[in-house]
Amino acid sequence: MSNELTTVDHNVGGEIATPSVDEEYVTMTIAGQLFGIRVLTVHDVLGPQKITKVPLAPSEVAGVLNLRGRIVTAISVRNALGLPDGEGAGMSVVVEHEEESYSLLIDQVGEVLKVPHDAYEQCPATLDARWRELATGVFRLDGELMVVLDVAKLLDFGLNKNAA
Amino acid sequence: MDDLLSEFLTETNESMEELDTQLITLEQDPNNKEILNNIFRLVHTIKGTCGFLGLPRLEKVAHAGENVLGKFRDGDLSVTPEYVTLILESLDRIKELLEQLEATEAEPEGNDSDLIAKLNKVVEAAGKAGQPEPEPEPEPESASVEPIQEVSLEELEAAFQSAPGPEDGPGDEDEEAAASGNSLFDQVGGTQAVEATVDLFYDKLIADDSVKGFFEGIDMDSQRHKLAAFVGTALGASGAYDGRSLREAHAPLVEQGLNDAHFDTVAKHLADTLEELGVDEELISKVMVVIGSTRTDILAGPEEAAESAGEAVVAAPEKEQPKQVAVAEDTAVAKPKEGGSGVNQTIRVSVDLLEDLMNMVSELVLTRNQLMQMVRRLDDSEFSVPLQRLSHCTTELQEGVMKTRMQPIGNAWAKLPRIIRDLSLELDKKIDLVMLGADTELDRQVLELIKDPLTHMVRNSADHGLEGPKERLAAGKPAVGKVTLNAYHEGGHIIIEIADDGRGLSLEPIKKKALENGLVTQEELEALTEQQIHQFIMRPGFSTATKVTSVSGRGVGMDVVRSNIEKIGGTVEFTSKQGQGTRFLIKIPLTLAIVAALIVEAAGERFAIPQLSVVELVRASGDSEHRIEKINDTPVLRLRNRLLPLVRLDEALKLEPLHAGNGHDPVAGLLPGASAGNGHDAAPGEQSQAEGQTESEAGAEDQDSAERTLFEEYDNSSEVKFIVVAQAGPQHIGIVVDRVYDSEEIVVKPVSPVLRDLGIFSGNTILGDGSVIMILDPTGIAVSTSEQFAEAASAAQREETQSALSTDTVSLLVFHAGSPEPKAVPLALVARLEEIDVSTIESTESGSVVQYRGQLMPLVLADRNITIKEEGRQSMLVFSDERRSMGLVVDEIVDIVDQALDVELVSSDPGIVGTAVVDGKATEIIDVAYFLTQAFGDWFSFKGDSSSRDGDGYGSNILLVDDSPFFRNMLMPVLTVAGYKVTAAGDATEALLLRDEGRSFDVIISDIEMPEMDGFEFAAEIKASGLWQDIPLIALSSHTGTKDFERGREAGFDDYVAKSDRDALLAAINQTLTATGDSA
């Protein structure tokens, strides 16, 4: 936990360590939990898509999809967080990581929120290890907690796992 | 970057590559003036351009290098490896500077005085030995301002005036009339005036450092005469100078290295001279135009001139001359291209632009496919016709763009001679690099990707493969090792062979290393075949080089090469024979951009398999000819008398069977529609268009039930399966799929980095219907399931390996008979080797015989000078067919040698076919047929009378087509002896002539590997139409792998026989004849 700050410092996914200014986040829900990704890192928001499964791929990789003529890898955030597969139509947000586009499959995309920087807090130490790995921190919002997704970690995950 | 600079960089980089190659060539052929001149010119151009662009460091290095080259040219220095190394060193320095220049757009700081000093030292040393270096410092034109006049201006003026000048020329016609009526020669004042002009002109030339070199050391008068001739003829003096032709007149100048820059200078001097003499300005212009127009003519001939010049080319101090256009008109004269090759119809286009174009075309093709698919669903659409045209245009456009990307593979090889040279110096080996098929073209993207692997492999061959000269000599090989590169097209592939005649892979170090790396256990190792052990070198981090040289042994080995080549859909195979060398075979697709792919389906998912790797499709079901059988749950298929290992795609990809349904599917559960594309509207196993991809939610239920039906059948023994027989590395595997759709043209896109480690996909693409599809890599599938698969495949691979090694080599039995020179006979013809107790030899009227296997076997002496021993045992070669034997008495059996046989001298001696070099010695190859008839004069008729075996075939006419005279000579006796009438043809064309003559045969036997028209084409040609359409064809080849066999059948051969297998050939002929006899 103590090195949480330094680990996110690489800042690949555009996430910030401890925000010093108020920033805008795209909110989304996965299994009822509110998540946020900095608005500037989101390139696109998509409705349900036709996804081609990729056999033998890491479990987080839901498949590949055609995004306006580009082939984009779809990442199941639920799987990455160790959640069971959800029901019904899902949406996705498209982010870019090391010049590759990825579509993050989530349950529902919410609104764009401007969150006060002083509401930021590090992940509680008791949080599930997988979650702690993928989250940069938590914002205390009115009536709800928003977990900030570390996109870079999320997308590195597959690679690290393969390399191991 | 500055346009000028970037152009300079491009051109110079090209020149540098050419220089490398040319220098190596020069080193091998030091007396080749043409190459030397070319090198000199390239360096000179670089130097000049550097000066022009203000790049002093580069210029200095180039200049110093050029000086040394100048010495070569003068003959003051001989071209030795040391000097070439020095020049190469300076080229390397130039390359370094260029690299930095490219990166920073400025010449890097630094000093090359060390290198320049070295170069200068060489020049000075040579200078002491020979003439002083005539290279002058670049000087401005002003050097010629003060001509040293031997003749006063007045004198010349007088001479000029006294001659009929243009003003008072013949008839005072106006300028125009003069121009049309009289030659310019007359207009300037005829012979006398020209003489005078030339005198003055000559003085100017002598004073000009840049051109005076031409005239130095040459007799003044003859020189003046020549000049006068030059100018005179140029101006059209009719017969004024002994009728010398222009070419003769200029030849002496060109011989001495006259070039473009000099011409400009000369022209300027001439213009100045004429001006000084008060010639009309307009007239000067005209003269200059004439002179300018002769430029091309004059400079075009330096090569011929240089060739005709017996003596060394006189040092021509070429000097970069700022282009001073003497007269305006001069610019209108096209500068001749280097070597006078005329106008070059090419333009430089940036690679980026081509890439963009290619991408656009790829997208266009995709959109076209999409449209086609849409229109196909509509009956009779008004779009069909225009779409057809669009499709046509798109295809043409695609082909055109593809062509722009094609480059000769030689481009990737350009660096190799240099590398080999450096290696041979460094490793102290003698290496000969042979490059064949350098003009084979392939996509530049592919070219870029194979450049490094190729370089690496050639290095490997030279470093690991080839032995040092001593070791080679000790092994009985020539001291010079050979690395051969060969590229050629085959099907949709380019095949690149890299072969060396070195020591081959030695098993022990590989075994040791494999154990060390924990790749195998000792027990496993024991069970492995040689070939399997060899394959370890393809494993990561596997380098057996005992010491790390600067060239290899860094632990980056063949695995990198292999993965690089496999990345572009290629394969690497290799064969190695200890002591004889290693041969790598790289097979790569022509292009990567757009490929045809077969769309297949397994467990409801569609995948693409590149058509290039698909060999055939087999439909298998319980009741059909092709049935999937199982050995311990491993499915196999009998395919043409062979077992084809099968891989079920759904299992290989760990796909869940369809009946699990969408609800259990993680992705589909998250996003319904994820598994869309399973349009099971057709009965299972039936081929159908992929039409149902736009699956609607409403239809999902029906489809589920259809899928369930499919699954039930799937488990049933009478299941219908499709087997895609695919090429995976050297072997074939059958990929079992549920359905096969169309083939589609797809644009291969790389998979995202997350998925890159999955070896089974070579990429992904978007289909016409907009869905994404993964492209399967059959090799990857084979590897992923390899453990049980490798075993099954290894046998086939071994066979192919052996046939590959036996290519063009013949086993020869070497013996001594009568003379000290060895004799030889192809081992295939010999039945047995015997040593017979001389006491059993009996004499009869017709000669010596022995009782042998219950028969009397006549003995024939292999040479007149042989005397049968008095006692002991006598060596002999026994030749026999089924019924009779003949013993050929020899003095001593020496050895059996495997080698390529080239009968070089044809003998007139009846018992000798000719002489060949066998094992380094001139060896006579004996004519077996001759000795057979010696033993049995009635061999043929006897054969016919007694032979029941040949029943149908006896006396049949056989056409034997083989390009090798040796094989013709060897097979003819074999066939004749077997009772056939044989006609031989040296190649397919010759054979086809026989067809045109109306000759008919009962069987045609054809070699496969023949120049121009190979056996396959020949077979296709025969089977296509004509008189010989129904004649059975037997292929004769040294390649007898399964693949070759199948290819032969496809081409129309009725049978396929190994070249060396005499019995099989006879059996095949007999069988074929019997078969046709029965059917007739």
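Residues numbered from 1 in each chain as written. Chains lettered and ligands numbered in written order. Predicted model: local features only at pLDDT ≥ 70, side-chain atom pairs only at ≥ 80, totals over all residues. Heavy atoms only, no water.

A.B. asks: Just give me the short version of the overall build of chain B, but keep the residues and values in it.
C.D. replies: Each helix and strand in chain B was counted, giving 37 helices and 35 strands. Taking all 1080 residues of chain B together, the buried fraction comes to 50%. Taking contacts inside chain B between residues at least 6 apart in sequence as the whole, the part at least 24 apart equals 69%. By element, 50% of the accessible surface of chain B is carried by carbon and sulfur atoms, the whole surface being about 50,400 Å². (Helix = DSSP H or I, 4+ residues; strand = E, 2+ residues; numbered from the N terminus. Buried < 20%, exposed > 50% of the residue type's maximum accessible area, 1.4 Å probe, protein only. Contact = heavy atoms within 4.5 Å. Areas by Shrake-Rupley, 256 points an atom, 1.4 Å probe, with all protein chains shown as cover.)

A.B. asks: Quick one: what's the story with the overall build of chain A, residue by residue and with numbers?
C.D. replies: The helix and strand tally for chain A stands at four helices and eleven strands. Within chain A, the proportion of its 164 residues that are buried is 51%. Within chain A, counting contacts between residues at least 6 apart in sequence, those at least 24 apart form 55% of the total. Accessible surface, chain A: about 7,400 Å² in total, of which carbon and sulfur atoms supply 49%.

A.B. asks: Outline the sheet that holds strand S25 (residues 873–880) of chain B, supporting the account with residue identities and numerical values.
C.D. replies: Residue and element names in this part refer to chain B. Strand order in the open sheet formed by six strands is S21-S25-S26-S24-S23-S22, with mixed pairing between adjacent strands. Strands at the two margins of the open sheet, each flanked by one partner only, are strand S21 (832–837) and strand S22 (842–844). Within this sheet the neighbouring strands show an average axis-to-axis angle of 40°, counted without direction. Where strand S24 (residues 855–861) and strand S26 (residues 885–889) come together, three bridges link them in parallel fashion. Along S26, the bridge assignment pairs Leu-861 with Val-889. Along the sheet face, helix H31 (residues 928–935) touches S24, S25 and S26 and points at about 125° away from the line of S24. (Pairing = 2+ DSSP bridges. Axes fitted to C-alpha atoms, helices over the stretch in contact; angles between N-to-C directions.)

A.B. asks: Kindly report on the pairing of strand S6 (residues 91–97) of chain A, identifying the contributing residues and their values.
C.D. replies: Residue and element names in this part refer to chain A. With five of its seven residues buried, S6 lies for the most part within the structure. Pairing of strand S3 (residues 42–46) with S6, which is carried by four bridges, proceeds in the antiparallel orientation. From the neighbouring strand, Asp-44 faces S6, where its bridge partner is Val-94. Here seven bridges tie S6 to strand S7 (residues 100–106), and the two strands are oriented antiparallel to one another. Bridge assignment links Ser-92 to a residue of S7, and that residue is Leu-105. Here S6 folds back onto S7 in antiparallel fashion, the turn holding two residues, of which Glu-98 has a positive phi close to 50°.

A.B. asks: Which residues make up the sheet that holds strand S14 (residues 720–728) of chain B, and what are the values?
C.D. replies: Residue and element names in this part refer to chain B. Taken in spatial order, the six strands line up as S10-S14-S15-S13-S12-S11 in an open sheet, and their pairing is mixed. Edge strands, defined here as strands with exactly one partner in the open sheet, are strand S10 (614–621) and strand S11 (628–631). When the angles between neighbouring strand axes are averaged without regard to direction, this sheet yields 40°. Two strands pair when backbone bridges link them, and strand S13 (residues 642–648) and strand S15 (residues 731–737) are joined in this way by three bridges, in the parallel orientation.

A.B. asks: Describe the pattern of salt bridges, naming the residues involved and giving the relevant values.
C.D. replies: Residues and elements named next belong to chain B. Summed over all chains, the structure comprises 33 salt bridges over all chains. Across the pair Glu-924 and Lys-823 runs a salt bridge, and its minimum N-O distance is 3.6 Å. Of this pair, Glu-924 sits in strand S30 (residues 921–926) while Lys-823 sits in strand S20 (residues 822–826), and the two are 101 residues apart along the sequence. What you see here is one network of salt bridges that share partners, running through Asp-20, Glu-27, Asp-92, Lys-95, Arg-418, Arg-421 and Asp-422. (Salt bridge = Lys/Arg side-chain N within 4 Å of Asp/Glu carboxyl O.)

A.B. asks: An account of H31 of chain B is needed here, citing residue identities and associated values.
C.D. replies: Structurally, the α-helix is built with 3.6 residues per turn, so residues lying three or four positions apart point the same way. Among the residues of H31 of chain B, those classed as buried are Val-928, Ala-929, Phe-931, Leu-932 and Ala-935 of chain B. One face of H31 of chain B carries all of its buried residues, which in axial projection span an arc of 165°. (Arc of directions from axis to C-beta.)

A.B. asks: Help me get a handle on the packing of aromatic side chains, residues and values and all.
C.D. replies: The relation between two aromatic rings is expressed through the spacing of the ring centres and the mutual angle of the planes. Inspection of every chain in the model, using the stated rule, returns six aromatic pairs over all chains. Between Phe-72 of chain B and Tyr-83 of chain B, the ring centres sit 6.3 Å apart and the planes meet at 50°, which makes this aromatic pair tilted. Taken together, the positions of Phe-72 of chain B in helix H3 (residues 56–74) and Tyr-83 of chain B in helix H4 (residues 81–104) put the pair eleven residues apart, joining distant regions of the chain. Taking relative accessible area as the criterion, Phe-72 of chain B reaches 3% and is therefore assigned buried. Each residue in the set Tyr-25, Tyr-120 and Phe-139 of chain A is aromatic and connected to the rest through ring pairs, giving one cluster. The ring of Phe-40 of chain B carries Arg-73 of chain B above its face, with NZ or CZ at 4.0 Å from the centroid. (Phe/Tyr/Trp six-rings, centres within 6.5 Å; stacked < 30°, edge-to-face > 60°. Lys NZ or Arg CZ within 6 Å of the ring centre and 35° of its normal.)

A.B. asks: Explain unusual backbone geometry residue by residue, including any values.
C.D. replies: All names here are of chain B. In this structure, Ala-603 is a non-glycine residue whose phi angle is positive, near 50°. Relative to the elements of secondary structure, Ala-603 occurs in the loop between strand S8 (594–602) and strand S9 (605–610). The class for Ala-603 is buried, based on a relative accessible area of 12%. Notably, Lys-654 is not glycine yet its phi reads approximately 50°, a positive angle. One can find Lys-654 in the loop between helix H26 (649–652) and helix H27 (666–670). When its relative accessible area of 65% is taken as the criterion, Lys-654 is described as exposed.

A.B. asks: Please provide a residue-by-residue account of the nonpolar core, values included.
C.D. replies: Membership of the largest hydrophobic core comes to 64 residues, with the highest contact counts inside it found for Leu-104 of chain A together with Val-600, Phe-607, Leu-649, Ile-735, Leu-755 and Ile-781 of chain B. Sequence-distant contacts of Leu-104 of chain A, that is, excluding residues within four places in its chain, are made with Ile-37, Ile-75, Val-77, Met-91, Ser-92, Val-93, Val-95, Leu-154 and Leu-155 of chain A. By size, the runner-up hydrophobic cluster in this structure holds 44 residues, among which are Ile-450, Leu-454, Phe-536 and Phe-574 of chain B. (Core = buried A, V, L, I, M, F, W, Y, C linked by side-chain atoms within 4.5 Å.)

A.B. asks: Tell me about the confidence of the model for chain B, and name the residues and values.
C.D. replies: All names here are of chain B. Residue-level pLDDT values for chain B average 70, and 64% of them are 70 or greater. Across residues 130–152, confidence stays below pLDDT 50; counting only partners more than four residues off in sequence or on other chains, it has 45 contacts. Low pLDDT (under 50) marks residues 788–808, which in the prediction has 41 contacts with non-local residues, meaning those over four places away or in another chain. We note a pTM of 0.41 for the whole complex and an ipTM of 0.80 for its interfaces. (pLDDT = per-residue confidence, 0-100.)

A.B. asks: Quick one: what's the story with a negative patch on the surface, residue by residue and with numbers?
C.D. replies: Residue and element names in this part refer to chain B. There is a patch of like negative charges on the surface, built from Asp-2, Asp-3, Glu-7, Glu-11 and Glu-105. Tracing the chain through its elements places Glu-105 in the loop between H4 and helix H5 (113–129). Overall, the relative accessible area of 43% leaves Glu-105 in the partly exposed class. (Patch = residues over 30% accessible without salt bridge, like charges linked within 9 Å, V, L, I, M, F, W, Y side chains within 5 Å. Lys, Arg positive; Asp, Glu negative; His and termini not counted. Charge placed at Lys NZ, Arg CZ, Asp CG, Glu CD.)

A.B. asks: How would you sum up the packing of helix H34 (residues 988–996) of chain B against helix H35 (residues 1015–1024) of chain B? Please name residues and give values.
C.D. replies: Residue and element names in this part refer to chain B. Their axes nearest at 10 Å, the elements H34 and H35 cross at an angle of 15°. Of the possible angle classes, the one that applies to H34 and H35 is roughly parallel. As H34 packs across H35, the resulting crossing turns out to be right-handed. Contact residues: H34 offers Ala-988, Ala-991, Leu-992 and Arg-995, while H35 offers Phe-1018, Glu-1021 and Ile-1022. Residues that form the contact of H34 with H35 fall into these classes: five nonpolar, no polar and two charged. (Parallel < 35°, antiparallel > 145°, perpendicular 65-115°, else oblique. Left-handed = near helix turned anticlockwise from the far one by under 90°. Nonpolar A, V, L, I, M, F, W, Y, C, P; charged D, E, K, R; others polar.)

A.B. asks: Residue-level account of the packing of helix H1 (residues 3–28) of chain B against helix H2 (residues 33–53) of chain B, with values.
C.D. replies: Residues and elements named next belong to chain B. Viewed as axis vectors pointing N to C, H1 and H2 meet at an angle of 155°, and their least axial separation amounts to 10 Å. Taken together, the axis directions place H1 and H2 in an arrangement best described as roughly antiparallel. H2 is crossed by H1, and the crossing has left-handed handedness. Residues Leu-4, Leu-5, Phe-8, Thr-12, Ser-15, Met-16, Glu-18, Leu-19, Gln-22, Leu-23, Thr-25 and Leu-26 of H1 pack against Ile-35, Leu-36, Asn-38, Ile-39, Leu-42, Val-43, Ile-46, Thr-49, Cys-50 and Leu-53 of H2. Each residue belonging to the contact of H1 with H2 can be placed in one class, and the counts come to 15 nonpolar, six polar and one charged.

A.B. asks: Explain the confidence of the model for chain A residue by residue, including any values.
C.D. replies: All names here are of chain A. Mean pLDDT over chain A: 80, with 82% of residues reaching 70 or higher. Least confident of the elements in chain A is helix H1 (residues 4–8), whose mean pLDDT is 39; most confident is strand S2 (residues 33–38), at 91. Counted against residues more than four places away or in other chains, residues 1–16, with its pLDDT under 50, gives 35 contacts. Taken together, the stretch residues 158–164 has pLDDT below 50 and engages in eight contacts with residues farther than four places along the chain or on a different chain.

A.B. asks: If you had to explain the environment of Ile-926 of chain B to someone new, which residues and values would you point to?
C.D. replies: Along the polypeptide, Ile-926 of chain B turns up in strand S30. Along the backbone, Ile-926 of chain B and Asp-863 of chain B are 63 residues apart, and their C-alpha atoms lie at a distance of 10.0 Å.

A.B. asks: Summarise the environment of Asp-996 of chain B; cite the residues concerned and give the values.
C.D. replies: Considering the arrangement of structural elements, one finds Asp-996 of chain B in helix H34. Note: C-alpha distance between Asp-996 of chain B and Gly-1026 of chain B (30 residues apart in sequence) is 8.9 Å.

A.B. asks: Describe the environment of Val-614 of chain B, listing the residues and the values that go with them.
C.D. replies: Residue and element names in this part refer to chain B. Take Val-614: it is sitting in strand S10. The buried category is assigned to Val-614, whose relative accessible area is 16%. Sequence separation between Val-614 and Ala-726 is 112 residues; the distance between their C-alpha atoms is 4.4 Å. Each residue touching Val-614, except ones within four places of it in the same chain, is listed here: Leu-598, Ile-609, Val-724, Val-725 and Ala-726.

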